[in-house]
Amino acid sequence: MKKTILFLLLAVMSSALRAEGKFSLLTCAPGEKIYELFGHTAIRYVEGDSIDLVFNYGMFNFNSPNFIYRFVKGETDYELGIDVYRSFEYSYRRRGSAVYEQKLNLTPDETIMLLHSLLENYKPENRVYRYNYFYDNCTTRAKDMIEKAISGTVEFEPIEGRKTYRSIVHQYTAGHPWSELGIDLCIGSQADKPIDTDAMMFAPFYLLDGLKTAGITRDDGSEESLISGTEMIVSPAHVDNGAVSWPHPLLCAWVMFAIALVAGFFLRRKSWIVDSILFLMAGACGCVLAFLVLFSVHPAVSPNYLLFVFHPLHLFLGVPMTVYCGLKKTRPYYHYFNASLIGLFLILWLFLPQEFNNAVFPLALLLLLRSVSAIYCFRKNVR
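Not measured: the values here are computed from a predicted model. (Residues numbered from 1 in each chain as written. Predicted model: local features only at pLDDT ≥ 70, side-chain atom pairs only at ≥ 80, totals over all residues. Heavy atoms only, no water.)

You can see tryptophan 246 is positioned in the loop between strand S10 (227-234) and helix H10 (249-267). Linking tryptophan 246 and glycine 175, residues 71 residues apart in sequence, is a C-alpha distance of 9.9 Å. (Helix = DSSP H or I, 4+ residues; strand = E, 2+ residues; numbered from the N terminus.)

Side-chain pairs of opposite charge can arise whenever the charged atoms involved come near each other. Going through the model one piece at a time under the given rule, you end up with 15 salt bridges. We note a salt bridge from glutamate 89 to arginine 93, for which the minimum N-O separation is 2.3 Å. Of this pair, glutamate 89 and arginine 93 both sit in helix H3 (residues 85-95), four residues apart, which is roughly one turn of that helix. Under the relative-accessibility criterion, arginine 93 is labelled partly exposed at 42%. For the salt bridge of glutamate 224 with arginine 218, the shortest nitrogen-to-oxygen distance reads 2.6 Å. Look at arginine 218 and you get buried, because its relative accessible area is 8%. (Salt bridge = Lys/Arg side-chain N within 4 Å of Asp/Glu carboxyl O. Buried < 20%, exposed > 50% of the residue type's maximum accessible area, 1.4 Å probe, protein only.)

All right, on to the pairing of strand S5 (residues 99-104) then. Across five bridges, the pairing between strand S1 (residues 22-28) and S5 is antiparallel. Following the sheet pairing, threonine 27 is matched in S5 by tyrosine 100. Relative to S10, S5 is paired through five bridges, and the arrangement is antiparallel. Across the sheet, glutamine 102 pairs through a bridge with threonine 230, a residue of S10. (Pairing = 2+ DSSP bridges.)

The antiparallel open sheet is built from three strands, whose spatial order is S7-S8-S9. For this open sheet the edge positions go to strand S7 (152-155) and strand S9 (223-225), each flanked by a neighbour on one side alone. Going across the sheet, the axis of each strand differs from the next one's by a mean of 20 degrees, ignoring polarity. Across four bridges, S7 lies against strand S8 (residues 215-218) in antiparallel orientation. (Axes fitted to C-alpha atoms, helices over the stretch in contact; angles between N-to-C directions.)

Turning our attention to the environment of tryptophan 272. Within the secondary structure, tryptophan 272 is located in helix H11 (residues 271-295). When its relative accessible area of 18% is taken as the criterion, tryptophan 272 is described as buried. Sequence spacing of tryptophan 272 and threonine 139 is 133 residues, and the spatial spacing of their C-alpha atoms is 50 Å. Excluding residues that lie within four positions of it along the chain, tryptophan 272 makes contacts with Thr322, Val323, Gly326 and Leu327. (Contact = heavy atoms within 4.5 Å.)

Judged by pairing direction, the sheet is antiparallel, and its seven strands sit side by side in the order S6-S4-S3-S2-S1-S5-S10 without closing on themselves. One side of each edge strand has no neighbouring strand; the edge strands of this open sheet are strand S6 (128-130) and S10. Ignoring strand direction, the axes of neighbouring strands in this sheet form an average angle of 25 degrees. Here strand S2 (residues 40-47) runs beside strand S3 (residues 51-59); their pairing, made up of five bridges, is antiparallel. Residue pairing in the sheet places isoleucine 43 in a bridge with phenylalanine 55 of S3. H3 rests against S1, S2, S3, strand S4 (77-84), S5 and S10 of the sheet, and its axis sits at about 110 degrees to S4. Its contacts with the sheet put helix H5 (residues 138-149) on S1, S2, S3, S5 and S6, and the angle it makes with S2 is roughly 40 degrees.

The N-to-C vectors of H10 and H11 enclose an angle of 150 degrees; their axes lie 7 Å apart at closest approach. Relative to H11, H10 is oriented roughly antiparallel. Facing H10, whose interface residues are Met256, Ala260, Ala263, Gly264 and Leu267, H11 presents Ser271, Val274, Leu278 and Met281. Across the contact of H10 with H11, the residue classes break down as seven nonpolar, two polar and no charged. (Parallel < 35°, antiparallel > 145°, perpendicular 65-115°, else oblique. Nonpolar A, V, L, I, M, F, W, Y, C, P; charged D, E, K, R; others polar.)

Quick look at the environment of isoleucine 216 now. Inspection of the secondary structure assignment puts isoleucine 216 in strand S8. For isoleucine 216, a relative accessible area of 1% puts it in the buried group. Along the primary structure isoleucine 216 and alanine 29 are separated by 187 residues, whereas in three dimensions their C-alpha atoms are 26 Å apart. Discounting residues that sit within four places of it in the chain, isoleucine 216 has contacts with Asn105, Ile150, Thr153, Ser222, Glu223, Glu224, Ser225 and Leu226.

With that settled, the discussion passes to the nonpolar core. Formed by 35 residues in total, the largest nonpolar core has its most connected members in Phe23, Ile43, Phe55, Leu114, Leu118 and Leu226. If you list the elements that add at least two residues to this core, you get S1, S2, S3, S4, helix H4 (108-121), H5 and helix H9 (204-212). Considering each element in turn, this core owes the most residues, five residues, to H5. What leucine 118 contacts, discounting residues up to four positions off in sequence, is Phe23, Ile43, Phe55, Tyr57, Leu80 and Met145. In this structure, Phe257, Ala282, Leu289 and Val360 belong to the second largest nonpolar core, which totals 30 residues. (Core = buried A, V, L, I, M, F, W, Y, C linked by side-chain atoms within 4.5 Å.)

This brings us to the packing of aromatic side chains. The final tally for this structure, using the stated rule, is 29 aromatic pairs. Consider the rings of tryptophan 254 and phenylalanine 257, whose centres lie 5.2 Å apart with planes at 75 degrees: the pair is edge-to-face. One end of the pair, tryptophan 254, and the other, phenylalanine 257, are both in helix H10, three residues apart, so they sit about a helical turn from each other. Look at tryptophan 254 and you get partly exposed, because its relative accessible area is 36%. Residue classification places phenylalanine 257 among the buried residues on the basis of a relative accessible area of 12%. Within the aromatic cluster, the residues linked to one another by ring pairs are Trp254, Phe257, Tyr305, Phe308, Phe345, Trp349, Phe356 and Phe361. We note arginine 44 situated over the ring of tyrosine 85; from NZ or CZ to the ring centre the distance is 3.6 Å. Sitting over the ring of tyrosine 122, arginine 127 keeps its end group 4.0 Å from the ring centre. (Phe/Tyr/Trp six-rings, centres within 6.5 Å; stacked < 30°, edge-to-face > 60°. Lys NZ or Arg CZ within 6 Å of the ring centre and 35° of its normal.)

Honestly, it's all geometry; don't read function into it.
In structure tokens:
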């Protein structure tokens, strides 16, 4: 395969000045894995019957050292890859995902410019880039490369309605509530600010829809559509029926709420065991959120007001203090702190500039009620 690509690249470079080929944008439908949920974008170049290549800015090595840590920290490196279209198409046909093609109306000079830019970008010293899901990904890279090659300006029709990064993410995670919960926990209030049409096109299908009505105003004053049409070139193997996976996180959160309250009631004098387990889990989640806010370079993870509920103090203070106070029957000082903080969070829920996943409410309420219960029991016993 590498030899085939190398041969085709040499053929492309030898004909680059003639600009006999045609470019199109490929948009691939989502898959089932979390990194496939939002679809994909690539650029196709066809020249005659022998050259058919795909320029793909979505290449990454999942097995590279410390991949998960680097991804969480915002230091994931993606790169531009080149594949034979036949192989690219096969991978999506095998996955059962649709692929759409939009042929670009580029002049010969613009075709040469885009081809040269892509080949320059493919050089080993240029092909790697620092990936960012919202601001610099396979879709934004493809869009930027096309716009830079055009001698003039590309105009997109404004998309109506208020959109945020989070609301667009929710469109693609609607049938995957656990993935949605994980993403909602990690991204902060920056993801809830209204965004313009250009920013919305970080998502592949927003770019696909934007291109359908996009126009070019060239430097010579001429105008035409950016694309000549949209065609499905790979049919989906199945139609998504919109079914949601179960058990749903919200249901699990309420079940956990009920179990913890009942267990705390029956254990009574040893209810500190239940509280310690809850603080342990909330603290572990808080450590991840605090790491994202303090150390990650992802721009959309800070500030995150979920730190009112899930924070490292649960782990480093809440657990040891709850165990100590439970064994010694002393005043539950940490519960006073926790009840005050979460009480404030629930009061401000509707006023904070961040949208929270519905599963957060029963979990926050559970932590609040456990602390209120511990305080009440201590005061009752003191009397």
